[in-house]
Amino acid sequence: MAPSLATSIGTLSLERPTILASGILGISLDVFNRLYKAGAGAVVTKSLSKEPWDGYPNPTIFSVKGGGWLNAVGLSNPGAENFAQMISTNQEVPIIVSLVGSVEEDFEFMVKQFDNCKVSAYELNLSCPHVAKVGLEVGDDVDLVKKIVKTVKSSSNVPVIAKVGLGSTDYLQTVSAACDSGVDGITAINTIRAMAIDVQTQRPILSNKIGGLSGTPIKPIAVRCVYEISSKFDVPIIGCGGISTWEDAVEFILAGASAVQFGSVMGDHWTEVFTEINTGIQNYMEQKKYTTIGEMIGKAKRS
């Protein structure tokens, strides 16, 4: 019998450990269905706000030498209420709804919009690096993190996951605050604050000047964060940051992740990347005589 790819994040059970990361193809139910059939264990939506956001003007994305991407889209989205209507007919796809806001009341309002939708979990974006008054600014405020997690937990009966990043304070304090408030899982990490300058125009390339770096350049940092979180906290982790191959995914699992998210790699591999990575993980498990994902999680800490 082939090794099982099934895994779980708290009470969220997934058939496969590969998840579409937030911000990539995240607003269409038709696309969600295609990705699920292509092998995604779940999909994370674009981060949704209380009201629709237009985002930043172009240019909003830039290819970085070495395989990464620099982006500052500005969390453009149709708003939670409109998006809830867009996915109201979902019956099959495990959808993780990403939420972003400034105060706990924002999150309470947004969760209520999904009362009649099939939602598998909520991912709280506490780490967007390029939008003021949300994301990292919220994640750096540990008291606010506690309020938000408790509010969403009390407003819903599905798992709540906090997505953390590297802000101005120790990210482990954010993790600690979320865990103290009953969070069901942690996604680590988000993109990292970065920028690029055009030497000919002598001006920043992105319209917002500062953006978030994603892709292969941040993978070693993300692996380190997953390892540190799993070493200090008893909480399920979703590893995210620079995954492009099955070896990358296995590395995150060995560091302590129960599942992985990726998005930037789809620019080169499209939907087949889910099958490629799932198959690679399964072949590795067979070679190493693992029968479940659980046997691999955090193995690097025990070696």
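In case you missed it, the structure is sitting above this.
Structural notes, computed from the coordinates. (Residues numbered from 1 in each chain as written. Predicted model: local features only at pLDDT ≥ 70, side-chain atom pairs only at ≥ 80, totals over all residues. Heavy atoms only, no water.)

A word on the pairing of strand β9 (residues 160-164)
The buried count for β9 comes to five of five residues, which makes it a mostly enclosed element. Burial along β9 is two-sided: the residues Val 160, Ala 162 and Val 164 and Ile 161 and Lys 163 are all buried. Taken together, the four bridges between strand β8 (residues 121-125) and β9 define a ladder with parallel strand orientation. Counterpart to Asn 125 in the pairing with β9 is Lys 163. Direction of pairing for β9 relative to strand β10 (residues 185-188): parallel, over a ladder of four bridges. In the strand pairing of β10, Ile 161 is matched with Gly 185. (Buried < 20%, exposed > 50% of the residue type's maximum accessible area, 1.4 Å probe, protein only. Helix = DSSP H or I, 4+ residues; strand = E, 2+ residues; numbered from the N terminus. Pairing = 2+ DSSP bridges.)

A look at the side chain of Gln 261
Here Gln 261 shows up in strand β16 (residues 259-262). A distance of 2.9 Å separates the side chain of Gln 261 from the side chain of Glu 123, its partner in a polar contact. With residues up to four places along the chain from it excluded, the contact list for Gln 261 reads Ile 19, Ala 21, Ser 22, Val 44, Glu 123, Lys 163, Thr 187, Ile 238, Gly 239, Cys 240, Gly 241 and Ile 243. (Polar contact = N/O pair within 3.5 Å; in protein donor to acceptor, adjacent residues only side chain to side chain. Contact = heavy atoms within 4.5 Å.)

Details of the pairing of β16
Of the two faces of β16, the one lined by Ala 259 and Gln 261 and the one lined by Val 260 and Phe 262 are each fully buried. Read from strand β15 (residues 237-240) through helix α8 (residues 246-255) to β16, the crossover connection turns out right-handed. (Right-handed = clockwise from strand over helix to strand, strands pointing away.)

Observations concerning the sheet that holds β15
Note on sheets: strands pair through backbone hydrogen bonds, and any given pair is parallel or antiparallel. What the eight strands build is a closed barrel, ordered β3-β4-β7-β8-β9-β10-β15-β16; its pairing is parallel. Direction aside, neighbouring strands of the sheet carry axes that sit 25 degrees apart on average. Summarising the sheet, strand β3 (residues 18-20) and strand β4 (residues 42-44) pair through two bridges and their orientation is parallel. Looking at β4, one finds that Leu 20 is bridged to Val 43. Relative to the sheet, helix α7 (residues 219-232) contacts β9, β10 and β15, its axis offset from that of β15 by approximately 165 degrees. (Axes fitted to C-alpha atoms, helices over the stretch in contact; angles between N-to-C directions.)

So, the packing of α7 against α8
The interhelical angle for the contact between α7 and α8, taken along N-to-C directions, is 25 degrees, at an axis separation of 8 Å. The angle between α7 and α8 places the two elements in the roughly parallel class. Along the contact surface, α7 presents Lys 219, Ala 222, Val 223, Val 226, Tyr 227 and Ser 230, while α8 presents Asp 248, Glu 251, Phe 252 and Ala 255. A breakdown of the residues in the contact of α7 with α8 according to their chemical character gives six nonpolar, one polar and three charged. (Parallel < 35°, antiparallel > 145°, perpendicular 65-115°, else oblique. Nonpolar A, V, L, I, M, F, W, Y, C, P; charged D, E, K, R; others polar.)

Points about unusual backbone geometry
The omega torsion of the bond from Asn 58 to Pro 59 falls at 0 degrees, within 30 degrees of zero and hence cis. In this structure, Ile 189 follows Ala 188 across a cis peptide bond, with omega equal to 10 degrees. For Leu 75, which is not glycine, the phi dihedral falls at a positive 55 degrees. Mapped onto the elements of the fold, Leu 75 is located in the loop between β6 (68-71) and α2 (80-86). For Gln 202, which is not a glycine, the phi torsion comes out positive at approximately 60 degrees. Here Gln 202 lies in the loop between β12 (197-198) and β13 (203-204).

A closer look at the packing of helix α6 (residues 171-180) against α7
A pair of packed helices can be characterised by two numbers: the angle between their axes and the separation between those axes. Two elements in contact, α6 and α7, have axes separated by 11 Å at closest approach and are oriented at 45 degrees. With respect to their mutual orientation, α6 and α7 come out oblique. For the element pair α6 and α7, the recorded crossing hand is right-handed. Across the interface between the two elements, Tyr 171, Leu 172 and Val 175 of α6 pack against Arg 224, Cys 225, Glu 228, Ile 229 and Lys 232 of α7. By residue class, the composition of the contact of α6 with α7 is five nonpolar, no polar and three charged. (Left-handed = near helix turned anticlockwise from the far one by under 90°.)

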